[in-house]
Amino acid sequence: MNILLSFNSNYYMPALVLLKSLLVNNQWCREIRVYVLYADLKTEEIQRFSQVAEESGIAKAIFLPVGPDKFKDAPLHLKWISRETYYRLLAQEMLPESVERVLYLDVDMVVMGSLEEFYHQDFEGKLLVACNRHGPGGVGPKRLEQLTLPRDTIYFNAGTLLYDLSGQRREIDPNILYEYPVLFYKQLKYGDQDVLNAVFYGLTKFADYRVYNCFDHDISRQRQEDRVRRSCKIFHFNGNGKPWTEMYWGRMAWLFWEYAQQLPEYAGQYEALKDKQLQYKKKRTADKAKATRQKNRQKAEQEKRKEEEHENEN
């Protein structure tokens, strides 16, 4: 099984946890090759990541450096988008010709089960498998038109991507992956994810996001958490709040730390962090309640002024 990751030192820790979860839950695989596209990693981080892979007895990490000229002018207006985010567009160009398919994963994910069925599925004539969280036109017609996409387009999240590299090498000009971010700079709200949706329009097979790209911010109730435990294979800590930081307000930090604590360097860290996350969650909730009260008060004052103005006019 071929896996593709791209990250920098800021995301080294979650990347290592993702690797651990992948290895724990995919012992069926005799050989896992983890390709890492990078530009900013420390030597000790590369060595430790490689060590964890090799100690599993089934995996090997292969680090492929990306030159400074790649995507140097790509839009980075969202704080969670870095140059490394765009590196998943380089799979066709940078991976060996012998790699016919590869599974790309965002590193803020945790693998919860076997990926055998997903990885070995038939592409059915498509060049990519992604997860359709929204139905046709679900992201809004204006947004799709900005990307030159039809209004009935099924827009996918790019956290989980199974590439048919053999087919892409035959049918996709890699230059378009560089040209699109430049030509549509102002229209790219979600960076390379928008690029992928545009380039692979009509060439994408869709999988169930509830199984292979389950979103953290969708989980707000116990029954949703129970469903994740039963059926999710890949869980995605998307958005700003991350479970390895103090500023996390979701329900699923335990899942991330279930695998993080299997790594000696992170064992025992969760208890102290959990208290800080709880305090942050309480403060965030109180701040939201205060903002709501203030907004309602301002709205009431505006309505009162309008009534007074109307009475004065009469």
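The structure contained in this document is the topic of the report that follows. (Residues numbered from 1 in each chain as written. Predicted model: local features only at pLDDT ≥ 70, side-chain atom pairs only at ≥ 80, totals over all residues. Heavy atoms only, no water.)

### Focus on a negative patch on the surface
For step 1, the next point in the chain: Where like charges cluster on the molecular surface, the negative patch consists of E303, E307, E308, E309, E311 and E313.
For step 2, the next point in the chain: If you trace the backbone, E309 turns up in helix α13 (residues 270-313). (Patch = residues over 30% accessible without salt bridge, like charges linked within 9 Å, V, L, I, M, F, W, Y side chains within 5 Å. Areas by Shrake-Rupley, 256 points an atom, 1.4 Å probe, with all protein chains shown as cover. Salt bridge = Lys/Arg side-chain N within 4 Å of Asp/Glu carboxyl O. Lys, Arg positive; Asp, Glu negative; His and termini not counted. Charge placed at Lys NZ, Arg CZ, Asp CG, Glu CD. Helix = DSSP H or I, 4+ residues; strand = E, 2+ residues; numbered from the N terminus.)

### Remarks on the sheet that holds strand β8 (residues 204-207)
For step 1, the next point in the chain: Reading across from one edge, β3-β2-β1-β4-β7-β6-β8 is the order of the 7 strands in this open sheet, with mixed pairing throughout. Whereas interior strands pair on both sides, the edge strands pair on one side only; in this sheet they are β3 (59-65) and β8. Averaged over all neighbouring strand pairs, the angle between strand axes comes to 25 degrees, with direction disregarded.
For step 2, the next point in the chain: The pairing of strand β4 (residues 101-105) with strand β7 (residues 157-164) spans 5 bridges and is classified as antiparallel. Of the residues in β7, the one forming a bridge with L105 is T160. (Pairing = 2+ DSSP bridges. Axes fitted to C-alpha atoms, helices over the stretch in contact; angles between N-to-C directions.)

### Observations regarding the side chain of T153
For step 1, the next point in the chain: Within the fold, T153 resides in the loop between α6 (141-146) and β7.
For step 2, the next point in the chain: The class of T153 is buried, set by a relative accessible area of 2%. (Buried < 20%, exposed > 50% of the residue type's maximum accessible area, 1.4 Å probe, protein only.)

### Describing the environment of I219
For step 1, the next point in the chain: On the secondary structure map, I219 appears in the loop between β9 (214-215) and α11 (222-231).
For step 2, the next point in the chain: The spacing of I219 and M252 is 33 residues in sequence and 8.0 Å in space, taken between C-alpha atoms.
For step 3, the next point in the chain: In this structure I219 touches C214, Q224, E225, R227, V228, F235, R251 and M252, once residues within four positions along its chain are discounted. (Contact = heavy atoms within 4.5 Å.)

### With respect to the packing of aromatic side chains
For step 1, the next point in the chain: Scanning all chains against the criterion turns up 14 aromatic pairs.
For step 2, the next point in the chain: Arranged with centres 6.3 Å apart and planes meeting at 70 degrees, the rings of F237 and Y248 form a pair that is edge-to-face. Taken together, the residues F237 in the loop between β10 (234-236) and α12 (253-260) and Y248 in the loop between β10 and α12 connect sequence positions 11 residues apart. A single burial state applies to F237 and to Y248, both of which are buried.
For step 3, the next point in the chain: Note that R101 overlies the ring of Y119, its terminal NZ or CZ placed 6.0 Å from the centroid.
For step 4, the next point in the chain: When the ring centre of W254 is taken as origin, the NZ or CZ atom of R229, which lies over that ring, is 4.1 Å away. (Phe/Tyr/Trp six-rings, centres within 6.5 Å; stacked < 30°, edge-to-face > 60°. Lys NZ or Arg CZ within 6 Å of the ring centre and 35° of its normal.)

### Quick word on the packing of helix α8 (residues 175-183) against helix α9 (residues 192-199)
Geometry of a packed helix pair, given as the angle between the helix axes and the separation of the axes.
For step 1, the next point in the chain: Axis separation between α8 and α9 bottoms out at 10 Å; the angle between their running directions is 125 degrees. In terms of orientation, α8 lies oblique with respect to α9. Here the hand of the crossing between α8 and α9 comes out right-handed. Contacts from I176, L177, Y180 and P181 of α8 reach α9 at V195, A198 and V199. (Parallel < 35°, antiparallel > 145°, perpendicular 65-115°, else oblique. Left-handed = near helix turned anticlockwise from the far one by under 90°.)

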